[in-house]
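Chain residues, written in single-letter form:
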Amino acid sequence: MKTFTDFPMKQYNTFGIDAIAERLCMLEERDDFRLAALSEELGNSPFFILGGGSNVVFPERYRGTVLHPVNKGIELVGQRDGSYIVEAAAGEVWADFVDHCIAHGWYGVENLAGIPGCVGAAPVQNVGAYGMEAKDVIDAVHCFEIGTGNDCWISNDDCRYAYRWSRFKGEWQGRYLIDRVRFCLNEVFAPDLSYKALSSAVEGIRELDARRLADAVVSIRDSKLPNPKEIGSAGSFFKNPVVGGDKFQRLKERHPEMVAYPVEGGYKLAAGWLIEQSGWKGRTIGRVGVYEKQALVLVNRGGATGRDVKSLAEMIINDVEQRFGVHLEPEAIIIECLNA
Ligand SMILES: Cc1cc2nc3c(=O)[nH]c(=O)nc-3n(C[C@H](O)[C@H](O)[C@H](O)COP(=O)(O)OP(=O)(O)OC[C@H]3O[C@@H](n4cnc5c(N)ncnc54)[C@H](O)[C@@H]3O)c2cc1C
């Protein structure tokens, strides 16, 4: 295991925040994961598990240990009922994993092409895009338990995946270090075109295959979301809030043009629409702002700190709450700035 002190994090988070980690451990081998999980220091001081840093906001100085899986490997481990069983290391880049699957004829991840970050983080928030979620293809997650160093497989059911959520983001936060993920992928290409923007994008393609579908996904993404290499962001900063039927009807009466989708238990409102209607789209406050093309995305206008991002997020949450009575929750993880 390679360990560094006072490690510069700017290249390790897509927001491009110029943070320093007091200690960073790169986990490469299986034993690195076990040793890290057993490390006494983790019991005595804060720690954070970092994948590609595409869903986090760092404080200027992180006073603790950052565990950063960099293990590699994608392997076909079996076949079951018309499916390929594939294991991928936590440190693999998610977008590369998707490309690898397509190249090998393992289907089912095309709609998730181009999502930034690593394989190990995909189960944490159950990444999703264009009508698909990681839970649709994850079979099980292999983890080391922090404190005991014991390893185990956790089944799909046990993770209780929900919209941008799993138990890793809930009661299991800080409990497990994921070192690999097992996927169940289709032998036959069966495109999921339930998402309208995607079905329209591929309408003219005569022989739609997995590669072309993934390319269409990536090109829609590129037209809507900032490229982290050019503009710092964590993608969609807020989750789309879900409100009950009664509340939705009251909102709809006052705002007939409100964008919403029926879901179990009520209606999912488009957070981007709420933010845009509150006058935030394209605005800049100091070193941070709201992306011109998509109000759901907060961006680094240059030299932003974690505090800048946090206070902009709070302003937006307050405004949306006052205007619509709807509470927005960040999807991105704001690592507490107070201990900075
Ligand atoms: C431009 C852009 C577009 C995006 N589009 C989407 C999208 O379409 N859909 C979507 O769902 N998300 C999207 N995101 C958010 C982000 O890509 C995902 O949340 C991704 O899964 C984060 O991966 P990461 O490796 O960067 O994780 P990080 O940001 O490093 O960490 C995220 C969380 O996972 C935990 N974690 C990471 N690795 C491990 C591990 N090995 N073991 C245990 N815990 C771990 C971290 O502790 C943290 O809680 C986007 C982000 C950006 C910047």
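Residues numbered from 1 in each chain as written. Predicted model: local features only at pLDDT ≥ 70, side-chain atom pairs only at ≥ 80, totals over all residues. Heavy atoms only, no water.

1. Some thoughts on the sheet that holds strand β18 (residues 288-290)
Now for step 1: Strand order across the open sheet formed by four strands is β13-β19-β18-β17, with antiparallel pairing between neighbours. The sheet terminates laterally at β13 (232-236) and β17 (284-285), the two strands that pair on one side only.
Now for step 2: The strands touched by helix α10 (residues 306-324) within the sheet are β17, β18 and β19 (297-300), with β18 carrying the most contacts at an inclination of about 35°. (Pairing = 2+ DSSP bridges. Helix = DSSP H or I, 4+ residues; strand = E, 2+ residues; numbered from the N terminus. Contact = heavy atoms within 4.5 Å. Axes fitted to C-alpha atoms, helices over the stretch in contact; angles between N-to-C directions.)

2. Quick look at helix α3 (residues 94-104)
Now for step 1: Within α3, the full set of buried residues consists of Trp94, Phe97, Val98, Cys101 and Ile102. Down the axis, α3 shows its buried residues gathered within 135° of arc, on one side only.
Now for step 2: Where α3 terminates, the next one or two residues include Gly105, which has phi positive at roughly 75°. (Buried < 20%, exposed > 50% of the residue type's maximum accessible area, 1.4 Å probe, protein only. Arc of directions from axis to C-beta.)

3. Some remarks on the nonpolar core
Now for step 1: Counting residues in each nonpolar core, the largest one holds 46 residues, and the members touching the most others are Phe58, Phe238, Leu298 and Ile316.
Now for step 2: Every element with two or more residues in this core is listed here: β2 (20-27), β4 (56-57), β5 (61-69), α8 (245-254), α9 (271-277), β18 and α10.
Now for step 3: In terms of residue count, α10 provides more of this core than any other element does, seven residues in total.
Now for step 4: Here this core spans two domains, since at least three of its residues come from each of domain 1 (2-69) and domain 3 (232-339).
Now for step 5: In this structure, Phe58 is in contact with Met9, Asn13, Ile17, Ala19, Phe48, Leu50, Val66, Gly306 and Ile335, ignoring residues within four places of it in sequence.
Now for step 6: Ala88, Leu112, Ile154 and Cys159 belong to the second-largest nonpolar core, a separate cluster that totals 44 residues. (Core = buried A, V, L, I, M, F, W, Y, C linked by side-chain atoms within 4.5 Å. Domains from an automatic or database assignment.)

4. Points about the domain arrangement of the protein chain
Now for step 1: As assigned here, the protein chain comprises domain 1 (2-69), domain 2 (74-224) and domain 3 (232-339).
Now for step 2: Counting residues at the interface gives 17 residues for domain 1, matched by 20 residues for domain 3.
Now for step 3: Overall, the association of domain 1 and domain 3 removes approximately 1,500 Å² of surface from exposure, summing both partners, and the carbon and sulfur fraction of that is 59%.
Now for step 4: Considering only the surface of domain 1 that becomes buried against domain 3, Phe15, Asn55 and Val57 emerge as the three largest contributors, covering 47% of it.
Now for step 5: Between the two partners, domain 1 and domain 3, sit one salt bridge.
Now for step 6: For the salt bridge of Glu60 with Arg307, the shortest nitrogen-to-oxygen distance reads 3.9 Å.
Now for step 7: Where domain 1 touches domain 3, the interface holds six residue pairs in polar contact (both at pLDDT 80 or more).
Now for step 8: Contributing elements (two or more residues each) for the side of domain 1 that touches domain 3: β4 and β5.
Now for step 9: Of the residues that constitute the side of domain 1 that touches domain 3, the class distribution is nine nonpolar, four polar and four charged. (Buried area = accessible area lost by both parts, 1.4 Å probe. Salt bridge = Lys/Arg side-chain N within 4 Å of Asp/Glu carboxyl O. Polar contact = N/O pair within 3.5 Å; in protein donor to acceptor, adjacent residues only side chain to side chain. Nonpolar A, V, L, I, M, F, W, Y, C, P; charged D, E, K, R; others polar.)

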